[in-house]
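Each chain is listed here by its residues.
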Amino acid sequence: PLINFAHKNGLQVELRGSYGGDEAQNYAKYKVNAIKFAADFAKFAEKYKVYRIVPFGEIDNNMFQHCNKITALSQELLQEMRKHYSGQIGTGVAAPWRDCGFNFEGYDYLTVSVYPQAQTGVDAWLTNEPEINLNSVTDWARTVADRSNIKILHIGETGIQNIGEKDPSGFFQTVAVSKEKEAEFYEKLFELVSDKVNGVSAFYNSRTGFL
């Protein structure tokens, strides 16, 4: 219903997904399930005339124990999706510290997840102060895109939640002190990445309904 509603109102739809569950332990089993998932995802997108798809929003997060297999698997996934889907196909990455030189040649675009970290704080993360920050992650993603001969780079996931408490993991900063602070975060982020990426998707939504 949401896809049809968007189309009726002249909007294009990007369908993003994540292969859920624990990080792959049994690679052979993971590969079989991942290819089936990609095929089903592509068929659904073709049926409902979705503009473009990213079935694996953070493929490096799903496979960090099998990093050296990411390039090969991504190509098999792409070949399978091309059989069923005629639109644009992207894939996503999240973690510069897990890069093993993977390459996504043949994909139409690349997305990257960028989230502030709790130990850094939102304001510092928007600067170059910590080692992992907005600039360092987007610059790394552009490097991945360039070596994959991909021209289009999007921030596929970003955001802070105004939920009144921190992420239990202590890794991501998920607190915006106010609706105004949340608005300030996005305004500053858009300003900083305007010449680095081709688009931004806000993944998190606050309880204040800001987005």
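One can find the structure itself at the top, above this paragraph.
Notes on the structure in this doc start here. What you see is a predicted model, and the numbers here were worked out from it, not measured in a lab.

Rules and cut-offs
- Residues numbered from 1 in each chain as written.
- Predicted model: local features only at pLDDT ≥ 70, side-chain atom pairs only at ≥ 80, totals over all residues.
- Heavy atoms only, no water.
- Helix = DSSP H or I, 4+ residues; strand = E, 2+ residues; numbered from the N terminus.
- Buried < 20%, exposed > 50% of the residue type's maximum accessible area, 1.4 Å probe, protein only.
- Lys, Arg positive; Asp, Glu negative; His and termini not counted.
- Salt bridge = Lys/Arg side-chain N within 4 Å of Asp/Glu carboxyl O.
- Polar contact = N/O pair within 3.5 Å; in protein donor to acceptor, adjacent residues only side chain to side chain.
- Contact = heavy atoms within 4.5 Å.
- Phe/Tyr/Trp six-rings, centres within 6.5 Å; stacked < 30°, edge-to-face > 60°.
- Lys NZ or Arg CZ within 6 Å of the ring centre and 35° of its normal.
- Pairing = 2+ DSSP bridges.
- Axes fitted to C-alpha atoms, helices over the stretch in contact; angles between N-to-C directions.
- Parallel < 35°, antiparallel > 145°, perpendicular 65-115°, else oblique.
- Left-handed = near helix turned anticlockwise from the far one by under 90°.

Now for the side chain of Asp 60. Mapped onto the elements of the fold, Asp 60 is located in helix H3 (residues 59-62). Arg 98 provides the closest opposite charge to the buried, unpaired Asp 60, separated from it by 5.9 Å. Of note is the side chain of Asp 60, whose polar atom sits 2.9 Å from the backbone nitrogen of Ala 95. The residues touching Asp 60, leaving out its near neighbours within four places in the chain, are Ile 70, Gly 92, Val 93, Ala 94, Ala 95, Arg 98, Phe 102 and Trp 140.

We now examine unusual backbone geometry. For Lys 49, which is not a glycine, the phi torsion comes out positive at approximately 55°. Position of Lys 49 relative to the elements: it lies in the loop between helix H2 (27-47) and strand S2 (52-54). The phi torsion at Asn 149 lies on the positive side, around 60°, for a residue other than glycine. Position of Asn 149 relative to the elements: it lies in the loop between helix H6 (134-147) and strand S5 (152-158). Accessibility expressed as a relative area gives 48% for Asn 149, which makes it partly exposed.

A few words on the packing of aromatic side chains. On inspection of all chains with the given rule, the structure shows eight aromatic pairs. Summarising the aromatic geometry, the rings of Phe 104 and Tyr 107 are spaced 6.2 Å apart at their centres and angled 90° between planes, so their arrangement reads as edge-to-face. Assigned by exposure class, Phe 104 and Tyr 107 land together as buried. Ring pairing ties together the aromatic residues Trp 125, Phe 185, Tyr 186 and Phe 190, which thus form one cluster. Over the face of the ring belonging to Tyr 109 we find Arg 52, whose NZ or CZ atom lies 4.6 Å from the ring centre. A cation over an aromatic ring shows up here: Lys 69 above the ring of Tyr 27, its NZ or CZ 5.2 Å from the ring centre.

What follows covers the pairing of S5. Of all seven residues in S5, six are buried; the element is thus mostly enclosed. Pairing of strand S4 (residues 109-114) with S5, which is carried by six bridges, proceeds in the parallel orientation. Within the sheet, the bridge partner assigned to Tyr 109 lies in S5 and is Ile 152. By the bridge criterion, two bridges tie S5 to strand S6 (residues 199-200) in an arrangement that is parallel. Along S6, the bridge assignment pairs His 154 with Gly 199.

This part takes up the packing of H2 against helix H4 (residues 70-84). At a closest axis distance of 8 Å, the pairing of H2 and H4 adopts a crossing angle of 30°. Between H2 and H4, the angle falls in the class roughly parallel. In the crossing of H2 with H4, the sense of the turn from one axis to the other is right-handed. Here H2 contributes Tyr 27, Tyr 30, Lys 31, Ala 34, Ile 35, Ala 38, Ala 39, Ala 42, Lys 43 and Glu 46 to the contact with H4, which in turn contributes Leu 73, Glu 76, Leu 77, Glu 80, Met 81 and His 84.

Function cannot be inferred from these measures alone, as they are strictly geometric.
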